[in-house]
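# Secondary and tertiary structure notes
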Amino acid sequence: MPDVVRSCDIIRVLIICLLTIKTRSVSSTGAPQPDKATFAYEDHKGAKRSRVSAIFVFGDSTVDPGNNNFLVTEVKSNFPPYGHSFMGGRPTGRFTDGRLVTDFIASYIGLKDYIPPYLDPTLSLEELKTGVSFASAASGYDPLTATLTNVLPISSQLEYFREYKAKMEKAVGKTETDNIIRNSAIVISAGTNDFILNYLTLPVRQETYSISEYQEFLISQLEQLLQALIEEGARKFGVVGLPPLGCLPFVITLFSKDHHLFAAQECIDSLSLVAKTYNDMLRNRLNSKRYQLEGIKVAYADIYNPAYSIVQNPKKFGFQEVFEGCCGTGIIEYTQRKGRITSYLNP
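Residues numbered from 1 in each chain as written. Predicted model: local features only at pLDDT ≥ 70, side-chain atom pairs only at ≥ 80, totals over all residues. Heavy atoms only, no water.

In the nomenclature of an unreviewed UniProt entry, the protein is known as GDSL esterase/lipase of Kalanchoe fedtschenkoi. UniProt, in its Sequence similarities (unreviewed entry) section for the protein, records the words "Belongs to the 'GDSL' lipolytic enzyme family." (UniProt positions renumbered as here; feature names shortened; annotations may be inferred.)

## Section: the overall build of the protein
Helix and strand counts for the protein come out as 12 helices and 6 strands. A burial count over the protein gives 55% of its 347 residues as buried. In the protein, the proportion of contacts linking residues at least 24 apart, taken out of those at least 6 apart, comes to 71%. In the form shown here, the protein has an accessible surface area of approximately 15300 Å², with 52% of it arising from carbon and sulfur atoms. (Helix = DSSP H or I, 4+ residues; strand = E, 2+ residues; numbered from the N terminus. Buried < 20%, exposed > 50% of the residue type's maximum accessible area, 1.4 Å probe, protein only. Contact = heavy atoms within 4.5 Å. Areas by Shrake-Rupley, 256 points an atom, 1.4 Å probe, with all protein chains shown as cover.)

## Section: the sheet that holds strand β4 (residues 297-301)
With respect to topology, 4 strands assemble into an open sheet ordered β1-β2-β3-β4, the strand pairing being parallel. Edge positions in the open sheet fall to β1 (55-59) and β4, since each of these has one partner strand only. Neighbour to neighbour, the strand axes of the sheet diverge by 20° on average, direction disregarded. In terms of strand pairing, β1 meets strand β2 (residues 185-189) through 5 bridges, oriented parallel. When the sheet's bridge partners are listed, F58 is paired in β2 with I188. (Pairing = 2+ DSSP bridges. Axes fitted to C-alpha atoms, helices over the stretch in contact; angles between N-to-C directions.)

## Points about the environment of L222
With respect to the helices and strands, L222 occurs in helix α9 (residues 211-231). Residue classification places L222 among the buried positions, given a relative accessible area of 0%. Separated by 60 residues in sequence, L222 and L282 have C-alpha atoms that sit 9.5 Å apart. Those residues within four positions of L222 in sequence are excluded, and the remaining contacts are Y141, I188, V239 and L282.

## Here's the deal with the side chain of R94
Structurally, the position occupied by R94 is in the loop between β1 and α3 (101-108). Among the residues examined, R94 registers a relative accessible area of 3% and is labelled buried. A polar contact of 2.9 Å, which involves the side chain of R94, links it to the side chain of T92. Setting aside residues up to four positions removed in sequence, R94 forms contacts with D64, P65, S77, Y82, F86, L100, D103, Y114 and I115. (Polar contact = N/O pair within 3.5 Å; in protein donor to acceptor, adjacent residues only side chain to side chain.)

## Quick look at the state of the cysteines
In total, this model carries 1 disulfide according to the counting rule given. One disulfide in the model links C247 with C267; its S-S distance is 2.1 Å. Because the torsion about its S-S bond is 115°, the bridge between C247 and C267 counts as right-handed. Here C247, found in the loop between β3 (236-240) and α10 (249-255), pairs with C267, found in the loop between α10 and α11 (269-286); they are 20 residues apart in sequence, far enough to count as distant. (Disulfide = S-S within 2.5 Å.)

## What to know about the pairing of β4
Among the 5 residues that make up β4, 4 are buried, leaving the element largely enclosed by the rest of the structure. Direction of pairing for β3 relative to β4: parallel, over a ladder of 5 bridges. When the sheet's bridge partners are listed, F237 is paired in β4 with V298.

## Quick look at the pattern of salt bridges
Taken as a whole, this structure holds 13 salt bridges when the rule is applied. Between R162 and E159 there is a salt bridge; the shortest N-O distance is 2.5 Å. On the criterion of helical spacing, the pair formed by R162 and E159 is a turn pair, its members being 3 residues apart in helix α6 (residues 154-172). R285 is paired through a salt bridge with E223; the nearest N and O atoms lie 2.9 Å apart. (Salt bridge = Lys/Arg side-chain N within 4 Å of Asp/Glu carboxyl O.)

## Some words on the pairing of β3
A large share of β3 lies buried, amounting to 5 of its 5 residues. Because side chains alternate across β3, one face comprises the buried residues K236, G238 and V240, and the other comprises F237 and V239, equally buried. Bridge count for β2 against β3 is 5 bridges, and the pairing is parallel. Opposite A185, over in β3, you have K236 as the bridge partner.

## Details of the packing of aromatic side chains
A complete count under the given rule lists 22 aromatic pairs for this structure. With centroids separated by 5.2 Å and ring planes inclined at 25°, the aromatic side chains of F58 and F134 adopt a geometry described as stacked. Residue F58 is located in strand β1, and its partner F134 is located in the loop between α4 (125-129) and α5 (143-147); the two are separated by 76 residues in the primary sequence. Side by side, F58 and F134 carry an identical accessibility label, which is buried. For the pair F195 and Y278, a centre-to-centre distance of 6.0 Å together with 75° between the ring planes defines the contact as edge-to-face. Residue F195 is found in helix α8 (residues 192-199), and its partner Y278 is found in helix α11; the two are separated by 83 residues along the sequence. Look at F195 and you get buried, because its relative accessible area is 0%. Judged by relative accessible area, which is 1%, Y278 ranks as buried. Every member of this aromatic cluster is reached through a ring pair, and the members are F56, F58, Y118, F134, Y160, F161 and Y164. (Phe/Tyr/Trp six-rings, centres within 6.5 Å; stacked < 30°, edge-to-face > 60°.)

## Some details on the packing of α9 against α11
α11 packs onto α9 with a crossing angle of 40° between their chain directions and a minimal axis gap of 10 Å. Judged by the inter-axis angle, α9 sits oblique to α11. Where α9 crosses over α11, the handedness of that crossing is right-handed. Every residue of α11 that contacts α9 at I211, S212, Q215, E216, L218, I219, L222, E223 and L226 is listed here: V274, T277, Y278, M281, L282, R285 and L286. Grouping the constituent residues of the contact of α9 with α11 by class yields 10 nonpolar, 3 polar and 3 charged. (Parallel < 35°, antiparallel > 145°, perpendicular 65-115°, else oblique. Left-handed = near helix turned anticlockwise from the far one by under 90°. Nonpolar A, V, L, I, M, F, W, Y, C, P; charged D, E, K, R; others polar.)

Structure below.
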């Protein structure tokens, strides 16, 4: 239940505003349970097929289905307890117990059960045709963020997308490839790591940017990505905002004035305000005339307000615990494997 509730509102936003298709409505009580072996695609196989040809994903661990499995990095989640609600109860490299929001979207619109990682060498041509994720956990819009843990920066994710295009042109021809890209949906979800692992934790960016300047810097990096993808032929985009940063367990533990690990956990409003301000700036930028060109659709997906509502009133949404992740402790949110820290907060 929590996995579905957490994803519900953002799915509605992306489907209604981005994909512009008819699908069955999904509520917190009516959506397929994440612990079922049968996924939503199978449950909704009678629903109208989507006009979206594929879904391509860029960002961080919120949308990384396992690309980090194929990188030399400590930031991985391809071991239990991750994945215990996924198909067959197996860990896949997703930083969650079940599916990602992008998996839900793909299954709800009848595209496929889940979005695979592009770096998986076993992907078939048919899987490639309907979309992949280039996202990498612990990455961000700031190029420095990805270098901290040796994961894929946004620039590398973009290059892999271009590689994907070249590979598809060779396999199915330029015309079909162009059609796939033109009729696809692009989902972009990043930014959390830029603040909590980079700006708020390390002094490097603070010496160069004020907080407002850094927010502007991140948005400019995002706009560069959007422009590059438009030039590659993409036309539909969903950009996810930031969650309330001050409510993340990692942030509460590191930045709370009460450093007692077992003290009652409360959100740090000043840090959540950083995310809220950023989201307002982002929404205004995406609503500008620059992205109102004919044939271009850019939708902003709000994750802040649904997440904050859940934290403030968990029982209303069917939650018993809101300060502890599915696969962590509620303190730093990491899981150890063979005595080494290999994952952390699910940003």
